[in-house]
Structure formats: structure tokens, C-alpha cells
Amino acid sequence: MSITFYYTPQSNATRIRWTLAELGVPCETVRVDLRAGEQKKPEFLALNPNGKVPTLVIDGTPIFESVAIQIALGERYGVEKGLWPAPGSPERLTALSWLVWGQVTLAATLFRYMANTSEYFPEEQRSAKQAEIALGELHNLLRILDARLDGRPYIAGETFTLVDLDLAAVLGWGLSWAKIDVSNLPNLQGWLGRTTGRPAAKTALAES
Ligand SMILES: N[C@@H](CCC(=O)N[C@@H](CS)C(=O)NCC(=O)O)C(=O)O
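Residues numbered from 1 in each chain as written. Predicted model: local features only at pLDDT ≥ 70, side-chain atom pairs only at ≥ 80, totals over all residues. Heavy atoms only, no water.

## Remarks on the overall build of the chain
Applicable threshold: By the criteria applied, helices consist of DSSP H or I runs no shorter than four residues and strands consist of E runs no shorter than two, each listed in order from the N terminus. Buried residues are those whose accessible area, probed at 1.4 Å on protein chains only, stays under 20% of the maximum for their type, while exposed residues exceed 50% and partly exposed ones sit between those limits.
Within the chain one finds eight helices and four strands. Secondary structure of the chain in N-to-C order comes out as β-α-β-α-β-β-α-α-α-α-α-α. Once the C-alpha set of the chain is aligned to its principal axes, its extents read approximately 45 × 45 × 30 Å. For the chain, with 208 residues in total, the buried portion stands at 48%.

And the structure:
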């Protein structure tokens, strides 16, 4: 089994960096300089036609989109490590729901808020009304996650899984970036601390 991991620190690839560390999977790492445009070179586009990180090559086959990568790594290595629910179990269905929710619903809403407030986006494209709507939706999604964590230490049940990792990585930067206070959501706040406090998280999230 050989894995090559194309990544850039402080990007969507950070979640996969953290996953590989939790799983203890050896891999070759290739740092991609996004500012220099290395992701748009033909040899990289041959692996991921979107020209984005993270991208993995597993035994010669490229795989892109971080959620797809999480699922592939979870299935291959996570079950035996207790970090991904066994196939056919009810927990597997729960894990898939929340993993996809984290990106398709939560991170997408966060991005919409960012696109309407951040100076990284052209002013004429930003809308205060759209930002307000996105922020309202974000608060609602955070309440939904807090309710999920009521009486449960982790999202899929009693133990930490790659789902916790994936969502906590998004919220770790997202909440501070959007300046959202979650002290009124104690379940979420406690879970975020437990999850981002893991040794593998500290290394991956601090990497620059
Ligand atoms: N949906 C993709 C998003 C990947 C993505 O947006 N990656 C950014 C870094 S955070 C990137 O590589 N951007 C380079 C570019 O667009 O040129 C995933 O989850 O893997």
C-alpha cells in the first residue's frame, strides 16, 4: 500500500493531515504551493482536474474531495483503529450523515457568510442581507450540532471518530474567523475542546 498526500498547510488539506496522523498511516507528503500556482500545473491537474488540495494517490489511483478521502481512509484504516464505524453498523450510517452534513451544509453556510463579509471577496459581490441570512442559518446549524451532542461525548456515539475530527477542524477556524461565541452551546463547546485538544490535532492545526 502506498499513499502520496498533496497538501498545503492551513487549508482543507489540514483535516486530512490530522486524519493521517490519527490513523498512523505512513505516507509520502508533497507540499503544494498554492500562491505559486503549483496546483494548476498539468502534472497536478492530471491527479485532480480541479487543481485543489487535498489530493491523495492511493496505490496509483488519485482521489480528491476531502469527504471522499475521509471515507476512503476510514474504511481502509479507521475501522481497525476504532476511528470509523464498522460496515453495516447503525453508527456507520450516522457517521456518514454527519460527515457530509459538516461539509455540504455547515461548511457551505460558513463559506457563504465569508463570501459576503470578507475582504478577500470583491466588495460589489458582497451583500449585507445575504451575510445576515447566512449568519442566522449558521447559528441554527450550531444549535442542531449542540443538540446532537447532548448526553453524547462524540457525534457518532461514545468514542471519537473521523466525523468529530472533520467537523471540529471546520469549526476550529470557522468560529474564530466568524467571531461566533458558542459559550451558550455547552455541549458543542466541550466537544470542540476535547476534539481539538488531541495531540494529533495540535500538530496538524498548528502547521504553517
Ligand atoms: N471541496 C474541496 C475543496 C478543496 C479546496 O477548496 N481547496 C483549496 C484550499 S482550501 C485549494 O486547493 N485552492 C486552490 C485553488 O483553488 O486554486 C475539498 O473539500 O477537498
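What follows picks up the thread again.
## Some words on the site of the ligand
Here is the rule: Nearness is judged by heavy atoms alone; a residue qualifies as near a molecule or strand once a single heavy atom is within 4 Å of it. Between N or O atoms, a polar contact is any pair within 3.5 Å; within protein, one atom must be a potential hydrogen donor and the other a potential acceptor, and residues adjacent in sequence are included only when both atoms are from side chains. Each accessible area value is a Shrake-Rupley result obtained with a 1.4 Å probe; residue values ignore everything except the protein chains displayed when judging cover. Gly is placed with the polar residues, together with every amino acid not listed as nonpolar (Ala, Val, Leu, Ile, Met, Phe, Trp, Tyr, Cys and Pro) or charged (Asp, Glu, Lys and Arg).
The immediate surroundings of the ligand are formed by S11, N12, L34, Q39, K40, G51, K52, V53, P54, E65 and S66. Interatomic distance of 2.7 Å between a side-chain N/O atom of K52 and an oxygen atom of the ligand. When the free accessible area of the ligand is taken as 510 Å², the share hidden by the protein chains comes to 72%. When grouped by side-chain class, the residues that make up the shell around the ligand number three nonpolar, five polar and three charged.

## Points about the packing of aromatic side chains
What counts, and what does not: Centres within 6.5 Å make a pair out of two Phe, Tyr or Trp rings, where for Trp the six-membered ring is used; the pair is then stacked when the planes are under 30 degrees apart, edge-to-face when over 60, and tilted otherwise. The criterion for a charge sitting over a ring is simple: Lys NZ or Arg CZ within 6 Å of the ring centre, and within 35 degrees of the ring normal.
The final tally for this structure, using the stated rule, is six aromatic pairs. Geometrically, the ring pair formed by Y6 and F44 is edge-to-face, given 5.6 Å between the ring centres and 75° between the ring planes. Taken together, the residues span a long stretch of sequence, with Y6 in strand β1 (residues 3–7) and F44 in helix α2 (residues 42–45) at a distance of 38 residues. Taking relative accessible area as the criterion, Y6 reaches 16% and is therefore assigned buried. For F44, a relative accessible area of 5% translates into the label buried. For the ring pair Y113 and W177, a centre distance of 6.1 Å and an interplane angle of 80° mean the geometry is edge-to-face. Taken together, the residues span a long stretch of sequence, with Y113 in helix α4 (residues 90–115) and W177 in helix α6 (residues 162–178) at a distance of 64 residues. Owing to a relative accessible area of 13%, Y113 belongs among the buried residues under this scheme. When its relative accessible area of 27% is taken as the criterion, W177 is described as partly exposed. Of note, R194 hangs over the ring of Y154, and the distance from its end group to the ring centre comes to 5.5 Å. Positioned over the ring face of F160 is R198, at 3.6 Å from the centre of the ring.

## Some details on α6
Let me state the cut-off plainly: To estimate how far a helix should reach, multiply one less than its number of residues by 1.5 Å. The quantity called bend is, for any residue, the angle between two axes fitted respectively to the seven residues ending at it and the seven beginning at it.
Over its 17 residues, α6 runs 24 Å from end to end, which matches the ideal 24 Å to within 8%, given 1.5 Å per residue. Along α6, the helix axis deviates most sharply at L171, where the bend reaches about 25°. Burial analysis of α6 places 13 of its 17 residues in the buried class, the great majority of the element. Two residues or fewer after α6 comes K179, characterised by a positive phi angle close to 55°.

## Comments concerning the domain arrangement of the chain
The condition is simple: An automatic or database domain assignment supplies the start and end points of every domain. Buried area is calculated as the accessible area (1.4 Å probe) missing from two parts once they are joined, with the contributions of both summed. Salt bridges are identified by distance alone: a Lys or Arg side-chain nitrogen within 4 Å of an Asp or Glu carboxyl oxygen.
Taken domain by domain, the chain consists of domain 1 (3–81) and domain 2 (90–198). Inter-centroid distance (C-alpha atoms) of domain 1 to domain 2 is 22 Å. Buried surface at the junction of domain 1 and domain 2, both sides included, amounts to about 1100 Å², of which 72% is carbon and sulfur. Across the domain 1-domain 2 interface, the total number found is three salt bridges. Here R15 and D166 are joined by a salt bridge, their closest N and O atoms 2.8 Å apart. Put simply, domain 1 and domain 2 have four residue pairs in polar contact (both at pLDDT 80 or more) between them.

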